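Inside the fold
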Amino acid sequence: MNQYSAKEIWEMDKKHFIHPYTDFSSFSDEGSQVVSEANGMYIIDSDDNKYLDGIAGLWCVNIGHGRKEMAEVIAEQVLKMQYYNPFGHSSNEPGSILAAKLAELAPGDLNHVFYTTGGSTAVDSAIRLVHFYNNVRGKNNKKQIISRNNAYHGSTYVAANLTGIHATKNSFDRVADNWINHISAADMFHRPSGAENLNETEYCNFLVNEFENRIIQLGEENVAAFIAEPLMGAGGVLVAPTGYHKAMYDICKKYDVLYIADEVVTSFGRLGHFFASETVYDMQPDIIITAKGISSGYIPLGAAIISDRIYEVISKPQCEGGLLSIGYTYSGHPVACAAALKNIEIIESENLCEHVQEVGPYFQDKMKTLSNLKIFGDSRGSHLMLGLEFVADNETLEPLPIEADIGNRIFESCRKLGLIVRPLGNIIVLSPPLIISKEQIDSMVEIIRKSMEQTIEDLKFEEFCS
Ligand SMILES: Cc1ncc(COP(=O)(O)O)c(C=O)c1O
């Protein structure tokens, strides 16, 4: 398909491709691993090495790689009608059918879909719509958004500032500091100070009180929305105490604050359901943000799904000639929507949600069998979302110093053994395609065990742990 050698492509990449989240301290020497083929649970790089994909691309290839049905439906739609303007009153067939399907799958009265090109743009659009909603209601001061430390909401300017992984903002300018706020992450493993020794219920109350106090401090007339991932992903797969989301939702309702559930990772089967908010966390948000698994990464697509109540307000005619002036050239792109419809059909016909309900707990339990290894700190998550945190000593839970570079070491070691994991500081993240079998889970865990054993030897040698 191309006339270039693997080395030439590697060089073009190194010279010209600015990658998201590049570490330039190593990129200038090492360049990138170029992935050239992918099939089912596996990827193959341009040097012909084959790997088990432990991260579904980037939490997104839910139905697995290289599916012929997806290629066919995409080709059919390209040949039938590849693109036409979605603005104003112009539409396309797959966009309309998918919107109805999403309304059917989403909980309660989340019946209206605003399409975007990915997760960040969906977050950004949702915030603009929330502000617009309050303007139309005459609540012009109700603009404050409450997010959480360690949250990840994307990389557009607003989404990046809603993100609570504050190191990602180093040397970047901050915007909207006067209306974006962060409260504590809901994180059972690392507690904020004052909450170290609380039991689960007390800790939940502690977090909910912090939220309510922040609303009171900001003034309920000024607070527009709370945004949260049901299970924090990129922030370290942080699990909230039981009952947290429902309790936060109840506080939102008490103060007329909208609850935005960022389900970019947790939707489309990763937690065993199309959406996790209601089925797993017992609450119906006002807005759900989705992307990634909606099209399993075959084509970019994102959406903000909003409630009847919000729609009723924002769909009132503004004034003569007044428009709801928000949207993208590729909102509801017909090829992306056709791909998403096929993706949903595959998830349904292959019972992938039910499959995840079966293999998910197996995956979580299996990873805990590594707990006897010295650097095992915590294994946490739900279903096919898992974070494995490393420490210097599994009894004292003393953290490893940054110089130990533990996440990257485990990543490299797993890669040599044929498994891709995602390093994030002291943890590795795993989010395999939903089609994973129990045997493949076993081999993943075995590779991670070997990598941890090897790393323990190396760390002893380098005196990071005794
Ligand atoms: C929870 C969450 N929200 C938003 C985003 C941003 O999505 P995208 O990268 O498609 O813009 C991500 C990406 O990882 C995410 O994990």
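Note: the structure precedes this text.
Definitions and limits used
Residues numbered from 1 in each chain as written. Predicted model: local features only at pLDDT ≥ 70, side-chain atom pairs only at ≥ 80, totals over all residues. Heavy atoms only, no water. Helix = DSSP H or I, 4+ residues; strand = E, 2+ residues; numbered from the N terminus. Rg over C-alpha atoms; globule rule 2.2 N^0.38 Å. Buried < 20%, exposed > 50% of the residue type's maximum accessible area, 1.4 Å probe, protein only. Contact = heavy atoms within 4.5 Å. Areas by Shrake-Rupley, 256 points an atom, 1.4 Å probe, with all protein chains shown as cover. Lys, Arg positive; Asp, Glu negative; His and termini not counted. Charge placed at Lys NZ, Arg CZ, Asp CG, Glu CD. Phe/Tyr/Trp six-rings, centres within 6.5 Å; stacked < 30°, edge-to-face > 60°. Lys NZ or Arg CZ within 6 Å of the ring centre and 35° of its normal. Axes fitted to C-alpha atoms, helices over the stretch in contact; angles between N-to-C directions. Parallel < 35°, antiparallel > 145°, perpendicular 65-115°, else oblique. Left-handed = near helix turned anticlockwise from the far one by under 90°. Near = heavy atom within 4 Å. Polar contact = N/O pair within 3.5 Å; in protein donor to acceptor, adjacent residues only side chain to side chain. Nonpolar A, V, L, I, M, F, W, Y, C, P; charged D, E, K, R; others polar. Expected span 1.5 Å × (residues − 1).

What follows deals with the overall build of the chain. What the chain contains, in helices and strands, is 15 helices and 15 strands. Over its C-alpha atoms the chain spans a radius of gyration of 22 Å, differing by no more than 12% from the 23 Å that the globule rule assigns to 466 residues. The C-alpha extent of the chain, read off along each of the three principal axes, is 75 × 60 × 45 Å. For the chain, the proportion of its 466 residues judged to be buried stands at 53%. Long-range pairs, those at least 24 residues apart, make up 70% of the contacts in the chain with a sequence separation of at least 6. Of the roughly 21100 Å² that the chain leaves accessible, carbon and sulfur atoms contribute 52%. Distance between charge centres in the chain, computed from 38 positive and 61 negative side chains, equals 3 Å.

Taken as a whole and assessed by the stated rule, the structure comprises 10 aromatic pairs. Note on Y21 and Y152: the rings are 6.5 Å apart at their centroids and 70° apart in plane angle, and the pair reads as edge-to-face. Placement of the pair is Y21 in the loop between α1 (6-16) and α2 (24-30) and Y152 in the loop between β5 (144-148) and α7 (157-162), with a sequence separation of 131 residues. Judged by its relative accessible area of 57%, Y21 falls in the exposed class. Overall, the relative accessible area of 25% leaves Y152 in the partly exposed class. A ring pair is formed by F268 and F274, whose centres lie 5.8 Å apart and whose planes are at 90°; its orientation type is edge-to-face. Across the pair, F274 and F268 agree in class, each one buried. The structure contains a cluster of three or more aromatic residues connected by ring pairs, namely F211, F226, Y249 and Y259. Here K438 stacks its cationic end above the ring of Y362, 5.2 Å away from the centre of that ring.

At a minimum axis separation of 9 Å, helix α14 (residues 406-416) and helix α15 (residues 438-461) run at an interaxial angle of 125°. The orientation of α14 with respect to α15, classified from their angle, is oblique. Relative to α15, α14 is oriented so that their crossing is right-handed. Between α14 and α15, the contacting residues are I406, R409, I410, S413 and C414 on the first element and I447, I448, S451, M452, T455, D458 and L459 on the second.

The next subject is the site of the ligand. With respect to spatial proximity, the complete set of residues near the ligand consists of G118, G119, S120, Y152, H153, G154, E229, D262, V264, V265 and K292. In this structure, an oxygen atom belonging to the ligand sits 2.5 Å away from a side-chain N or O atom of S120. Interatomic distance of 2.7 Å between a side-chain N/O atom of D262 and a nitrogen atom of the ligand. In isolation the ligand exposes 390 Å². Once the protein is present, 82% of that is buried. Looking at side-chain class alone, the shell around the ligand contains 3 nonpolar, 5 polar and 3 charged residues.

Next up on the list: helix α6 (residues 119-136). Owing to its 3.6 residues per turn, the α-helix brings residues three or four apart onto one side. When the terminal C-alpha atoms of α6 are compared, their 25 Å separation across 18 residues agrees well with the 26 Å that a helix rising 1.5 Å per residue should span. Burial runs high along α6: 14 of the 18 residues are buried. Looking one or two places after α6, you find G138, whose phi comes out positive at around 80°.

All right, on to unusual backbone geometry then. Of note, the phi angle at V237 is positive, near 50°, even though the residue is not glycine. Along the polypeptide, V237 turns up in the loop between β7 (223-228) and α9 (244-254).

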